[in-house]
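Observations on chain architecture
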Amino acid sequence: MRVSFQEELDQLEASLQEEGSLVLRVLRGALNALEHRDVELADEVIAFDDDVDVLYLQIEAGIQSLLARQTPVATDLRLVLAMLHINLHLERMADYAVTIAKMTKLVADVEADPPLLQSLQEMGERAEEMIRVALDSFADRDLEQAESLVELDELIDRSNRRFVERVIELVAEPDVREWVLRMVLVSRTLERIGDHAVDIGEQVAYLLTAEFREFTDASHPEEHV
Amino acid sequence: MAPTMRPVDVTAPRESAPQTRETVFDIKDLKASYGSNVAVRSVDMEIYRNLVTAVIGPSGCGKSTFIRCLNRMNDEVPGFRQDGKILYHGIDLYGDGVDQIEVRRRIGMVFQRPNPFPKSIYDNVAWAPRILGLRKNLDERVEKALRGAALWDEVKDRLKKSALALSGGQQQRLCIARAIAIEPEVLLLDEPASALDPIATASIEELMHDLKTDYTLVIVTHNMQQAARVADRTAFFSLDVDESGRGAGTLVEYDDTGKLFTAPSDKRTEDYVTGRFG
């Protein structure tokens, strides 16, 4: 039994879960800043992303060192590869939260559309839920839970489409035009966070089944699992 | 990624490996014992032509006994007994009328410690051809074998010098040259690199990759990463203890090497390759 190797694997996985909770914090901060037009909080979110990046790089370095020294195979190899991907997906999610914070600053003094703001908050909550499900499915090695991300993603995709339809109606109204156009990007960003959560679920499925498959394929949407 | 690029399957058999597999050895329910001690039992596997097949497993799992059965190397061991069948191209290796010398001519063997004869480099390689009466074009035969073993350039100017003056890695390649000088079909290698330094090991591994174009190779190794590097197929042997507490080696899993090291089917294989056994 390679005790130190197992400890390193456990440590890396714990760091990844920690990165996941940082991502949830940074996303919650971005959503609150957006709702309350809180520029100060938006700046904190942008600065907080550095903490995520530091952890991301630490995990990346840990995986590199593990691969170089321990030549993991079988389940260990799949776990290391899955962690490499999950690390990247989490880091991208934090970047998206930064995008939301930046958009929030740009529209701080512009009139908003309350129903659309409400639907962004709902999408935000769905995105948070998806991150939690993705992290839990990884921690619990739960294939069913990982696969359930596809349905959650469908909900967030639908919200995004409805959002864009409403924007098309509102874009002629000069008072809210700037706000809704900038918020198209926020809506898209939340939809992308959902996609990354699904990608994490795919990595969990790979870890458990040794076969990589895309849960959904954008170019063959009829072939959903 | 450019649209013309296709994804690469790194675990796929290399190009030199044939697409259709031809069975060289068909092993059926093999059991090998020394006196009342069963060394290995219940082995069923097919070994395919022009592939490198690795046998891995912990000490005492019978992997060396197994590979020695493939060219009747255990015949002289007192108390040795073999049950089950080993078919070589459909012929029972242990059947009546099978000539042991002919078996070893077709199925060569290289051992853990390089064991050159205390003769010249040339005479080491020429030894078996001479015994078998293959005296015609002997110089060409020796050169071809030394080239095949990737040793020619290093020794061509000192063929008459003693083989014992060669380095360990060179001596092992000389033993490979000696084995292939009589153009066998199969090369059995029992821990061929375990007594060598990393550079000599790398050259032996590279050589194995080249040799499989012409030969079928079976290698026993306790170095799992070596199996992962050189073998197309890998067999994992383990020690199986029965109700009476007596242990014997047995074949646990046999599959394409890429599969065995990324997604083994058997928990015992998983535990062994990830270092979690015991």
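What comes next concerns the included structure. Quantities reported herein were computed from a predicted structural model and do not represent experimental measurements. Along each chain, numbering runs from 1 in the same order as the chain's sequence is written. To read the labels, note that chains go from A and ligands from 1, taken in the order they are written. In view of the model being predicted, local features appear only for residues whose pLDDT reaches at least 70, and side-chain atom pairs are presented and counted only at 80 or more, with totals across whole chains, interfaces and linings using the full set of residues.

Remarks on the overall build of chain A
Broken down by element type, chain A carries six helices and zero strands. Numbering goes from the N terminus for both helices and strands, where a helix is a DSSP run of H or I of at least four residues and a strand is a run of E of at least two. Order of helices (α) and strands (β) in chain A, N terminus to C terminus: α-α-α-α-α-α. For the radius of gyration, the atom set is restricted to C-alpha positions; the globular benchmark scales as 2.2 Å times the number of residues to the power 0.38. In summary, chain A has a C-alpha radius of gyration of 19 Å against a globular reference of 17 Å for 225 residues, a match within 12%. Seen along its three principal axes, the alpha-carbon backbone of chain A occupies a region of about 65 × 40 × 25 Å.

So, the packing of helix H1 (residues 3-36) of chain A against helix H2 (residues 39-70) of chain A
Residues and elements named next belong to chain A. With axes taken as lines fitted to C-alpha atoms, and helix axes fitted only over the stretch in contact, angles between N-to-C directions fall between 0 and 180 degrees. Taken N-terminus to C-terminus, the directions of H1 and H2 make an angle of 165 degrees; their axes are 9 Å apart at the nearest point. Between H1 and H2, the angle is such that the two are roughly antiparallel. In this structure, H1 meets H2 at a crossing whose hand is left-handed. Note on residue categories: nonpolar means Ala, Val, Leu, Ile, Met, Phe, Trp, Tyr, Cys or Pro, charged means Asp, Glu, Lys or Arg, and polar means any other residue, Gly included. Here the contact of H1 with H2 is composed, by residue class, of 18 nonpolar, six polar and six charged. With respect to orientation, any angle under 35 degrees is reported as roughly parallel, any angle over 145 as roughly antiparallel, any angle of 65 to 115 as roughly perpendicular, and every other angle as oblique. Crossing handedness follows the turn of the near helix against the far one: under a right angle anticlockwise gives a left-handed crossing, and clockwise gives a right-handed one.

Focus: unusual backbone geometry
All names here are of chain B. Here the phi dihedral of Asn50 falls at roughly 55 degrees; this positive angle occurs in a residue that is not glycine. If you trace the backbone, Asn50 turns up in the loop between strand E2 (37-48) and strand E3 (52-56). Counting other C-beta atoms within 10 Å of each residue's C-beta, where C-beta atoms are placed from the backbone, gives the exposure class: buried for 20 or more, exposed for 12 or fewer, partly exposed between. Residue classification places Asn50 among the buried positions, given that 20 C-beta atoms sit within 10 Å. Non-glycine residue Glu183 carries a positive phi angle of around 50 degrees. Following the sequence through the fold, Glu183 ends up in the loop between helix H6 (168-180) and strand E7 (186-190).

Comments concerning the pairing of E7(B)
Residue and element names in this part refer to chain B. For E7, the buried fraction is high: five of the five residues fall into the buried class. The alternating pattern of E7 places Val186, Leu188 and Asp190 and Leu187 and Leu189 on opposite faces, both of which are buried. Pairing between strands requires that DSSP locate at least two bridges from one strand to the other. When strand E6 (residues 107-110) meets E7, the two strands line up parallel, connected through four bridges. When the bridges of E7 are listed, Ile107 appears paired with Val186. Note that E7 and strand E8 (residues 216-220) share five bridges and pair parallel. Its bridge partner lying in E8, Leu188 is registered against Val218.

Considering the environment of Gln64(A)
Along the polypeptide, Gln64(A) turns up in helix H2. Here the alpha-carbon distance between Gln64(A) and Leu84(A), two residues 20 residues apart in the chain, equals 9.2 Å.

Here we look at the sheet that holds strand E1 (residues 23-34) of chain B
Strand-to-strand pairing in sheets goes through backbone hydrogen bonds, with the strands running parallel or antiparallel. All names here are of chain B. A sheet is described by the order of its strands in space; here ten strands give the open sequence E5-E4-E1-E2-E10-E9-E3-E8-E7-E6, paired in mixed fashion. Two strands close off the open sheet at either side, each with one partner strand: strand E5 (91-92) and E6. Sheet strands in contact with H6 are E6 and E7, and its direction is about 170 degrees off that of E6. Contacts here follow a simple rule: the backbone-placed C-beta atoms of the two residues must lie within 7 Å.

Focus: the packing of helix H5 (residues 143-170) of chain A against helix H6 (residues 177-209) of chain A
All names here are of chain A. At their nearest, the axes of H5 and H6 sit 9 Å apart, and the two run at 165 degrees to each other. Taken together, the axes of H5 and H6 are roughly antiparallel relative to one another. Seen from above, H5 lies across H6 with left-handed handedness.

Some thoughts on the interface of chain A and chain B
Facing the ten residues of chain A at the interface are eleven residues of chain B. Partitioning the side of chain A that touches chain B into residue classes produces five nonpolar, two polar and three charged.

What about the environment of Gly60(B)?
Residue and element names in this part refer to chain B. With respect to the helices and strands, the residue Gly60 is situated in the loop between E3 and helix H1 (63-69). As for Gly60 and Asp190, which are separated by 130 residues in sequence, their C-alpha atoms are 14 Å apart. When residues no more than four places from it in sequence are discounted, the contact partners of Gly60 are Leu239 and Gly249.

Observations concerning the pairing of strand E10 (residues 247-256) of chain B
All names here are of chain B. With two bridges joining them, E2 and E10 adopt parallel strand pairing. In the strand pairing of E10, Val40 is matched with Gly249. Note that strand E9 (residues 233-241) and E10 share nine bridges and pair antiparallel. Bridge assignment links Ser238 to a residue of E10, and that residue is Thr250. Counted between consecutive antiparallel strands, the loop separating E9 from E10 contains five residues, among which Gly245 sits at a positive phi close to 85 degrees.

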